[in-house]
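A closer look at the structure
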Amino acid sequence: MKDCRRIGLFGGTFDPVHIGHLRSALEVAELLELDELRLLPSARPPHRETPQVSAAQRLAMVELAVQGVEPLRVDDRELRRDKPSYTIDTLESLRGELGEQVPLYLLVGWDAFCGLPTWHRWEELLEHCHIVVLQRPDADSEAPEALRDLLAARSVADPAALSGAGGQIAFVWQTPLAVSATQIRAVLAQGRSVRFLVPDAVLNYIEAHGLYRASN
Ligand code: ATP
């Protein structure tokens, strides 16, 4: 049987994962009727890791966060490499595993999308996936010059109309929850609670391991 699961990809450092990530991922998964939405924690150079919080712990928190939440999954391939991955490498690795037929949807925020021309081998990305741009309703949405032709050629007005295994761009308008990992780390460093900003299982893990506390 041909594998035609529709798979979304949502990368991030997830330091730690929070309800902003999860809510956004779930909304996109529902909108695009995805069979899987994979959260891909990214490797960081050692000097950019949060002190005392390892890649394995970031991964463990994402795993706890998606447990029992359909269709969210975790894909740890970027952490299995010993250095940060380019998105194109991740896509090639996924294609090697999943074949060419499976529709892949790469989620990127508007700001990241505007920087696309600086990504390694960026012009090949659409050979492997669709790009779903997460746009805030209030964002300034003038695309940079370098992306105008690409958008004219590849964008579709309705995300539900993305067809085939890849090659197209669509926009999804979402109002993100006002939560960031930076804020969560700061709150924890002050010894305050992040309950309701992260799933309970993540909260319990943070507390059990004493993560993000101010070192003293
Ligand atoms: P930090 O504050 O450490 O920069 P972050 O909360 O922005 O972290 P990342 O792991 O850097 O989280 O983000 C992964 C992805 O999630 C990015 O595409 C980012 O735009 C998106 N994202 C971050 N916060 C939210 C949010 N509140 N709602 C929806 N998406 C978010």
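So, a few notes on the structure that sits alongside this text. (Residues numbered from 1 in each chain as written. Predicted model: local features only at pLDDT ≥ 70, side-chain atom pairs only at ≥ 80, totals over all residues. Heavy atoms only, no water.)

A short note on the overall build of the protein chain
For clarity, the threshold we go by: Only DSSP runs of H or I with at least four residues qualify as helices, and only runs of E with at least two residues qualify as strands; both kinds are numbered from the N terminus onward. The quantity called the radius of gyration is restricted to C-alpha atoms. Its globule counterpart is 2.2 Å times the number of residues to the power 0.38. Think of it in three bands: with a 1.4 Å probe and only protein chains considered, a residue is buried below 20% of the maximum accessible area for its type, exposed above 50%, and partly exposed in between.
Along the protein chain, the regular secondary structure elements total seven helices and six strands. Order of helices (α) and strands (β) in the protein chain, N terminus to C terminus: β-α-β-α-β-α-β-α-β-α-β-α-α. Relative to the compact-globule value of 17 Å for 216 residues, the protein chain shows a C-alpha radius of gyration of 18 Å, a close match. Counting only C-alpha atoms and orienting by the principal axes, one finds that the protein chain spans roughly 55 × 45 × 30 Å. Looking at the protein chain as a whole, 47% of its 216 residues are labelled buried.

What about the side chain of S85?
Counted only if it meets this: The criterion used for residue contact is that any of the two residues' heavy atoms lie within 4.5 Å.
You can see S85 is positioned in the loop between β3 (72-74) and α3 (87-98). Leaving out residues up to four positions away in the same chain, S85 has contacts with E78 and T90.

Quick notes on the nonpolar core
What counts, and what does not: Among the buried residues, those of types Ala, Val, Leu, Ile, Met, Phe, Trp, Tyr and Cys that are joined through side-chain atoms within 4.5 Å form a nonpolar core.
In terms of nonpolar packing, the biggest core is built from 39 residues, with F10, V17, L37, L39, M61, V132 and V194 touching the most fellow members. Here this core gets five residues from one element, more than from any other, and that element is helix α2 (residues 55-66). Other than its neighbours up to four places away in sequence, V194 contacts I184, V187, L188 and L203. Core analysis: the second largest hydrophobic core is formed by 25 residues, I7, L9, L98 and C129 among them.

A look at empty space enclosed by the protein
Definition in use: A pocket here means an open set of points on a 1 Å grid, computed over the protein atoms alone, that has protein on both sides within 12 Å along at least five of seven lines. A cavity is instead a set of points where a 1.4 Å probe fits but cannot get out; residues with an atom within 4 Å of a point line either one. Grid points are joined across faces, edges and corners, and a volume is the space filled by probe spheres set on the points. Residue classes follow a fixed rule: Ala, Val, Leu, Ile, Met, Phe, Trp, Tyr, Cys and Pro count as nonpolar, while Asp, Glu, Lys and Arg count as charged, and any other residue, Gly among them, counts as polar.
Overall, the coordinates contain two cavities of 30 Å³ or more when judged by the stated rule. In this model, the largest cavity occupies a volume close to 40 Å³. In terms of lining residues, the largest cavity is bounded by G20, R23, S24, E27, Q174, T175, P176 and L177. Taken together, the residues of the lining of the largest cavity sort by class into two nonpolar, four polar and two charged. Put simply, the second largest cavity is a space of about 40 Å³. L116, W122, E123, L125, L126, I131 and L150 are the residues that line the second largest cavity. The residue inventory of the lining of the second largest cavity, partitioned by class, reads six nonpolar, no polar and one charged.

Quick word on the layout of surface pockets
Of the voids in this model, the largest pocket is the one considered here, and its volume is about 1,400 Å³. Along the walls of the largest pocket sit 47 residues, with F10, G11, G12, G109 and A112 positioned nearest its centre. Those elements that provide at least two residues to the lining of the largest pocket are β1 (7-12), α1 (19-31), α3, β4 (104-109), α4 (110-114), β5 (130-135) and α6 (181-189). Along the lines of polarity and charge, the residues of the lining of the largest pocket split into 23 nonpolar, 17 polar and seven charged.

Observations concerning the sheet that holds β1
Just so we agree on the cut-off: Paired strands, as defined in this entry, are two strands with at least two bridges between them according to DSSP. Structural elements are reduced to axes, namely lines fitted to C-alpha atoms, with helices fitted over the stretch in contact, and the angle between N-to-C directions of any two is expressed from 0 to 180 degrees.
Taken in spatial order, the six strands make up an open sheet running β3-β2-β1-β4-β5-β6, and their pairing is parallel. In the strand order of this sheet, the two ends are held by β3 and β6 (169-173), each with one partner. Direction aside, the axes of adjacent strands within the sheet are offset by 30 degrees on average. Of the strand pairs in this sheet, strand β2 (residues 36-41) and β3 are connected by three bridges, and their pairing is parallel. By the bridge assignment, L37 is partnered in β3 with L72. This element, α2, spans β2 and β3 of the sheet and lies at about 160 degrees to β3.

Overview of the pairing of β1
Heads up, the condition is: Looking down the strands as they point away from the viewer, one classifies a crossover as right-handed if the path from the first strand across the helix to the second runs clockwise.
The buried count for β1 comes to five of six residues, which makes it a mostly enclosed element. Relative to β2, β1 runs parallel, the two sharing six bridges. Looking across to β2, one finds that F10 is bridged to L39. In this region the chain leaves β1, passes through α1 and returns to the parallel neighbour β2; the handedness of that crossover is right-handed.

Structural notes on the site of the ligand
Inclusion rule: A molecule or strand has a residue near it when one of that residue's heavy atoms lies within 4 Å. Here a polar contact means two N or O atoms within 3.5 Å. Within protein one must be a hydrogen donor candidate and the other an acceptor candidate, and residues neighboring in sequence count only if both atoms are side-chain atoms. Any molecule with more than half of its atoms within 2 Å of a cavity's or pocket's grid points is regarded as sitting in that cavity or pocket.
Around the ligand sit 16 residues in total, of which H18, H21, L177, A181 and T182 are the nearest. A distance of 2.8 Å separates a nitrogen atom of the ligand from a polar backbone atom of V179. Within the side chain of T182, one N or O atom sits 2.5 Å away from an oxygen atom of the ligand. Among the detected pockets, the ligand sits in the largest pocket. Those elements that provide at least two residues to the shell around the ligand are β1, α1 and α6. Class assignment for the residues of the shell around the ligand results in six nonpolar, nine polar and one charged.

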